[in-house]
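One letter stands for each residue in the lines below.
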Amino acid sequence: MQQPYLSLYQSGVLAQRVQEAYQMLEGCRVCPRNCGVNRLKGEQGFCQSGLLPVVSSCNSHHGEEPPISGCRGSGTIFLANCNLRCVFCQNYPISQLGVGNEVTVEELAGMMLKLQKKGCHNINFVTPTHFTPQILHAIELAVRDGLNIPLLWNTNGYESVEMLRLLDGVISIYLPDAKYINPQMAQKYSNAPLDYPEVNLSALKEMWRQTGSLIVDEQGIAQKGMIIRHLVLPEGIAGTKQVLKMLAQEISKNVHISLMSQYFPANKAASYPSINRRITKQEYDDALKWLEQEGLCEGWIQPYCEEE
Ligand code: SF4
């Protein structure tokens, strides 16, 4: 199946979008923090990222949601640094300490092609937001050289709509977080600006406008659409009940939700008594009950992949 980004490449629209995206690096407004630093000259803002993308790992990954990992794996490219700073982040050496290597956009394009050659079902950009222009440029180069599998944007959901519009028709599958309903909780536990819930909702609406609900192929592998992830936190800190209500009302009852139970205290969580434990079975059961009450979709058909 031909990917939609091919026609954007052939018409020159993708190249224009790369230029537009790069302009946002000068006086950086790549994400809603709008730090204003000149990343074209290597200056760094909140995300501690300059001009070159930093990649922590590039692998076939089997631990994502079943329609994403399938049986041949999701081609995961893990970007270092982040525009949030969650005190409980399980990947903090990558997201907060910047563990990874600077690569050129040509090298980043080569990674995508390598993952495609390995047979991965998709290319999965993890924590990509602060490197959107560079990733878009690398995609352009990879498409020129034969990239033709779905692209997936695996994000914390603190994204600018202006930037997301440049990904329209390029990214086939969005995998965003909806982390909090309460701005103070977002600020306290993720060091997010107080506009997190509002900005997050606008971003989710734009992603939904672009892709709509999840479409899988005959083997159950995602081809297009959106799955919203919500991590249930202890003591109701994520506002799970209200988040699910908001998603049902403001996005759609047809949007797929990945309700995550795997929270454990990592990074600096030990300094915050409320989140210094796993969630209880009761807390997760309540979350499942609210999901059902809102009539939201969870679950998918287990993919069936023929041997290749
Ligand atoms: S991408 Fe980084 S530098 Fe740019 S606005 Fe966001 S946090 Fe600031």
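My aim in this report is to walk through the structure given alongside it, one point at a time. (Residues numbered from 1 in each chain as written. Predicted model: local features only at pLDDT ≥ 70, side-chain atom pairs only at ≥ 80, totals over all residues. Heavy atoms only, no water.)

## Notes on the pairing of strand 9 (residues 256–260)
Most of strand 9 is tucked away: five of the five residues are buried. Sheet analysis places strand 8 (residues 222–231) next to strand 9, joined by five bridges and oriented parallel. Bridge assignment links histidine 230 to a residue of strand 9, and that residue is leucine 259. (Buried < 20%, exposed > 50% of the residue type's maximum accessible area, 1.4 Å probe, protein only. Helix = DSSP H or I, 4+ residues; strand = E, 2+ residues; numbered from the N terminus. Pairing = 2+ DSSP bridges.)

## Quick word on a nonpolar patch on the surface
The grouping of Tyr92, Leu97 and Val99 at the surface amounts to a nonpolar patch, some 280 Å² of accessible area in total. Taking relative accessible area as the criterion, tyrosine 92 reaches 30% and is therefore assigned partly exposed. (Patch = residues over 30% accessible without salt bridge, like charges linked within 9 Å, V, L, I, M, F, W, Y side chains within 5 Å. Areas by Shrake-Rupley, 256 points an atom, 1.4 Å probe, with all protein chains shown as cover. Salt bridge = Lys/Arg side-chain N within 4 Å of Asp/Glu carboxyl O.)

## Topic: the pattern of salt bridges
Summed over the entire model, instances satisfying the criterion amount to 13 salt bridges. Measuring nitrogen to oxygen at the nearest pair gives 2.9 Å for the salt bridge that ties glutamate 206 to arginine 209. With a gap of three residues between them, glutamate 206 and arginine 209 both fall in helix 9 (residues 196–211), about one helical turn apart. Overall, the relative accessible area of 4% leaves glutamate 206 in the buried class. With a closest N to O distance of 2.9 Å, glutamate 283 and arginine 277 form a salt bridge. The exposure class of arginine 277 is partly exposed, given its relative accessible area of 26%.

## Topic: unusual backbone geometry
Backbone geometry at asparagine 191 places phi at a positive 55°, although glycine is not the residue there. In this structure, asparagine 191 sits in the loop between helix 8 (183–190) and helix 9. The phi angle at asparagine 267 is positive, at roughly 55°, despite the residue not being glycine. Overall, the relative accessible area of 23% leaves asparagine 267 in the partly exposed class.

## Here's the deal with the nonpolar core
One finds Ile77, Met112 and Leu147 to be the most contacted residues of the largest nonpolar core, which totals 72 residues. Sequence-distant contacts of leucine 147, defined by excluding residues within four places in its chain, comprise Tyr5, Met112, Leu113, Gln116, Ile123 and Ala142. Core analysis: the next-biggest nonpolar cluster, separate from the first, contains 19 residues, Cys82, Cys86, Leu233 and Ala269 among them. (Core = buried A, V, L, I, M, F, W, Y, C linked by side-chain atoms within 4.5 Å. Contact = heavy atoms within 4.5 Å.)

## Concerning the site of the ligand
Every residue lining the ligand is accounted for by Cys28, Val30, Cys31, Arg33, Asn34, Cys35, Arg39, Gly45, Phe46, Cys47 and His130. A class-by-class count of the residues in the shell around the ligand yields six nonpolar, three polar and two charged. (Near = heavy atom within 4 Å. Nonpolar A, V, L, I, M, F, W, Y, C, P; charged D, E, K, R; others polar.)

## Considering the packing of helix 2 (residues 13–23) against helix 6 (residues 132–144)
It is at 9 Å that the axes of helix 2 and helix 6 come closest, and there the two elements cross at 160°. On the basis of their axis angle, the class for helix 2 and helix 6 is roughly antiparallel. Between helix 2 and helix 6 the crossing geometry is left-handed. For the pair helix 2 and helix 6, contact is made by Leu14, Ala15, Arg17, Val18, Ala21 and Tyr22 and by Pro133, Gln134, Leu136, His137 and Glu140, respectively. A class-by-class count of the residues in the contact of helix 2 with helix 6 yields seven nonpolar, two polar and two charged. (Axes fitted to C-alpha atoms, helices over the stretch in contact; angles between N-to-C directions. Parallel < 35°, antiparallel > 145°, perpendicular 65-115°, else oblique. Left-handed = near helix turned anticlockwise from the far one by under 90°.)

## Here we look at the pairing of strand 8
Burial analysis of strand 8 places eight of its 10 residues in the buried class, the great majority of the element. Sheet analysis places strand 6 (residues 173–176) next to strand 8, joined by two bridges and oriented parallel. The residue bridging tyrosine 174 from the neighbouring strand is methionine 226, located in strand 8. Linkage of strand 7 (residues 215–216) to strand 8, two consecutive antiparallel strands, is achieved through a turn of five residues, within which glycine 220 is found at a positive phi near 85°.

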